[in-house]
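# Fold and contact review
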Amino acid sequence: MNMLYKISFIILSFVVIACSSVQPVTRCDGPDLKISSNFENARVNDCKIVDGKIKLSITPENEPINDSPWYAFKITSTTEKEVEVSISYQGGHQRYTPKASQNRINWQPLKYRVRNNVLHFKVAVSPTPTFIAGQELITNKDYDIWMKSLAKQPNVRHYTLGQSTQLRDIGALEVTGEGDEWIVVLGRQHPPEVTGALALFPFVNNLIADSQLSARFMQRFNILIVPDLNPDGVALGNWRHNANGVDLNRDWKAFKQVESRLVRDKLKAITQSGGKIVFAVDFHSTKKDIFYTMPSDYGLNPPLLVESWLAELRETVSPFVIREQPGHNSDKGIFKQFIADEYGVHGITYEMGDNTDRAVIKKLAVVASDSLMQKMLTTTPSEFKGKSLK
Ligand SMILES: [Zn+2]
């Protein structure tokens, strides 16, 4: 390439990256209303104001896709009033209860109905923007602030694992113990699965809390935490996929995506320098609270670790129901399966219900984290002897 071509290529590449890195802002203005999606995690694909009513539609990033329509936008009105909003789902069906917030901290679920695959609700609006979203907004910036706050502890390091498809930083936290055993905590492979994130924060906070149990745990175990593996999907308000339109939790076999490769390579680096992966947990959301586990007879070590951990948890949190669904499928490319097949140890998918009470999610995460630490501490390092897979 001559110099001119090289320069044009570089400029063009920047333009392509800049254009592809954000969801186009959808906005519409009426005489007294403004609707906009000009913020991270927003999603609206079409917008109209007809006779003072707000009519929106949303579409997925690509298809086929899991049926999880995500939406987020804000409404500003010149006067205080109530407006009618409708959201037409293209390529999906109702999943998330609409919620409103002015400060993005306190969210109010709204009464709604769905007719002919269109969501209808009313919301109070004012000159202060009202955010409307399918779940609470937890953005890439929120993860960054959280990781920085935890990294004030001397044994916790915050760093960038690498860059996503659209070159966003993927942050990680590393807690250094004295031994060679590593626990892996993963989150937000699927952007709208916010209740998974609402569980991950207290789960991790409790692992590294100022308690005797955490101190004992951190003395022995190292922890790798990658809480926001799909920052592009989060920024773009995607329904499920990364910026290439791929479900990351189906890529742990093919490793075609940079996001899953970054974690795979980090784990490889840990084991190559003498570390041992002993357990992994991956946070998600679905319709109900459920733990997807690997079967006790799959040949993982120690075989009963997860079964006995969840049995203890079940007793502690009763009457809250702990559902466990063991299963395996080596071909699907799911994270927990990769952990099992590659390292011979248990991985679980920790799923919180979309509508589970937020206080219950937090309480359960703390109890789950406590009982996991206790369970892990009762094992001896030799019990995590790795693969004895059939
Ligand atoms: Zn998920």
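Because the structure is predicted, anything quoted here is derived from the model rather than measured.

## Examining the packing of helix 2 (residues 140–150) against helix 3 (residues 194–207)
- Axis separation between helix 2 and helix 3 bottoms out at 12 Å; the angle between their running directions is 5°. Between helix 2 and helix 3, the crossing angle belongs to the class labelled roughly parallel. Contact residues: helix 2 offers Y143, W146 and L150, while helix 3 offers A197, L200, F201, V204 and N205.
- Here the residues of the contact of helix 2 with helix 3 sort into seven nonpolar, one polar and no charged.

## Re the sheet that holds strand 11 (residues 130–133)
- Across the sheet, which stays open at both edges, the six strands sit in the order 1-2-5-11-7-8 with antiparallel pairing between neighbours. Every interior strand has two partners, whereas the edge strands, strand 1 (27–29) and strand 8 (108–109), have only one.
- Alignment of strand 2 (residues 33–36) against strand 5 (residues 72–77), held across four bridges, turns out to be antiparallel. Opposite I35, over in strand 5, you have I75 as the bridge partner.

## Observations regarding the UniProt feature "active site" (unreviewed entry) in the chain
- Feature annotation in UniProt places "active site" (unreviewed entry) on E351, given in this structure's numbering.
- With respect to the element layout, E351 can be found in strand 19 (residues 347–353).
- Discounting chain neighbours no more than four positions away, the residues touching E351 are H284, S285, T286, K288, D289, I290 and Y292.
- For E351, the side chain forms a polar contact with the main-chain nitrogen of S285, separated by 3.4 Å.

## Some details on the coordination of the zinc ion
- Listed as protein donors to the zinc ion are H190 (ND1), E193 (OE), E193 (OE) and H284 (ND1); their distances from the metal cover 2.1 to 2.6 Å.
- Note that the zinc ion binds four donor atoms; their angles at the metal cover 55 to 146°, and the shape is irregular.
- All donors of the zinc ion come from a single chain, and their spacing in sequence reads H-x2-E-x90-H. Of the two residues, H190 sits in the loop between strand 14 (181–187) and helix 3 while H284 sits in strand 16 (residues 276–286), which places them 94 residues apart along the sequence.
- The exposure class of H284 is buried, given its relative accessible area of 2%.

## Some details on the pattern of salt bridges
- Following the criterion strictly, the structure yields 16 salt bridges and no others.
- A salt bridge links R27 to D29; its shortest N-O distance comes to 3.3 Å.
- What makes R27 partly exposed here is its relative accessible area of 46%.
- For D29, a relative accessible area of 45% translates into the label partly exposed.
- Between R220 and E181 there is a salt bridge, and its shortest N-O distance comes to 2.7 Å. Of this pair, R220 sits in helix 4 (residues 212–220) while E181 is found in strand 14, placing the two residues 39 residues apart along the sequence. Just as R220 is buried, E181 falls in that class too.
- Linked through salt bridges whose partners overlap, the residues forming this network are R157, E174 and K266.

## Section: the nonpolar core
- Grouped together as the largest cluster of nonpolar side chains are 50 residues, with contacts concentrated most on F279, Y350 and M376.
- Of the residues forming this core, the biggest block, nine residues, is contributed by helix 9 (residues 358–378).
- Residues contacting M376, with those up to four places away along its chain left out, are I183, F217, R220, F221, V278, F279, L305 and F384.

## Here's the deal with the packing of helix 7 (residues 305–317) against helix 9
- Orientation of helix 7 relative to helix 9, taken along the N-to-C sense of each, is 135°, at an axis distance of 10 Å. Taken together, the axes of helix 7 and helix 9 are oblique relative to one another. Crossing angle aside, the handedness with which helix 7 passes helix 9 is right-handed. In this structure, helix 7 contributes L305, S308, W309, E312, L313, T316 and V317 to the contact, and helix 9 contributes L364, V367, A368, S371, L372, K375 and M376.
- When the residues that make up the contact of helix 7 with helix 9 are grouped by side-chain class, the tally is nine nonpolar, three polar and two charged.

## Quick look at unusual backbone geometry
- With omega at 0°, the peptide bond leading from E63 into P64 counts as cis.
- One can find P64 in the loop between strand 4 (53–58) and strand 5.
- Residue S318 is joined to P319 through a cis peptide bond whose omega torsion reads 15°.
- Structurally, the position occupied by P319 is in the loop between helix 7 and strand 18 (324–326).
- A positive phi angle, near 65°, is found at R104, a position not held by glycine.

## Focus: the state of the cysteines
- A complete count under the given rule lists one disulfide for this structure.
- Sulfur-sulfur distance for the disulfide between C28 and C47 comes to 1.8 Å. A residue pair is termed long-range when its members are at least 10 positions apart, and C28 in strand 1 and C47 in strand 3 (residues 46–50) qualify at 19 residues. Take C28 and C47: they sit in the same class, and that class is buried.

## With respect to the packing of aromatic side chains
- Tallied over the full model, the rule gives 16 aromatic pairs.
- Here W146 and F201 contribute two aromatic rings whose centre-to-centre distance is 4.8 Å and whose plane-to-plane angle is 70°, an arrangement assigned as edge-to-face. With a gap of 55 residues between them, W146 in helix 2 and F201 in helix 3 connect regions that are remote in the sequence.
- What makes F201 buried here is its relative accessible area of 16%.
- In this arrangement the basic side chain of R104 is found over the ring face of F131, its NZ or CZ atom lying 4.8 Å from the centre.
- A cation over an aromatic ring shows up here: R157 above the ring of Y159, its NZ or CZ 4.2 Å from the ring centre.

Scoring rules and cut-offs
- Residues numbered from 1 in each chain as written.
- Predicted model: local features only at pLDDT ≥ 70, side-chain atom pairs only at ≥ 80, totals over all residues.
- Heavy atoms only, no water.
- Axes fitted to C-alpha atoms, helices over the stretch in contact; angles between N-to-C directions.
- Helix = DSSP H or I, 4+ residues; strand = E, 2+ residues; numbered from the N terminus.
- Parallel < 35°, antiparallel > 145°, perpendicular 65-115°, else oblique.
- Contact = heavy atoms within 4.5 Å.
- Nonpolar A, V, L, I, M, F, W, Y, C, P; charged D, E, K, R; others polar.
- Pairing = 2+ DSSP bridges.
- UniProt positions renumbered as here; feature names shortened; annotations may be inferred.
- Polar contact = N/O pair within 3.5 Å; in protein donor to acceptor, adjacent residues only side chain to side chain.
- Donors = N, O, S within 2.8 Å, 3.2 Å for Na, K, Ca; no water.
- Tetrahedral: all angles 85-135°; square planar, octahedral: opposite > 155°, others 65-115°.
- Buried < 20%, exposed > 50% of the residue type's maximum accessible area, 1.4 Å probe, protein only.
- Salt bridge = Lys/Arg side-chain N within 4 Å of Asp/Glu carboxyl O.
- Core = buried A, V, L, I, M, F, W, Y, C linked by side-chain atoms within 4.5 Å.
- Left-handed = near helix turned anticlockwise from the far one by under 90°.
- Disulfide = S-S within 2.5 Å.
- Phe/Tyr/Trp six-rings, centres within 6.5 Å; stacked < 30°, edge-to-face > 60°.
- Lys NZ or Arg CZ within 6 Å of the ring centre and 35° of its normal.

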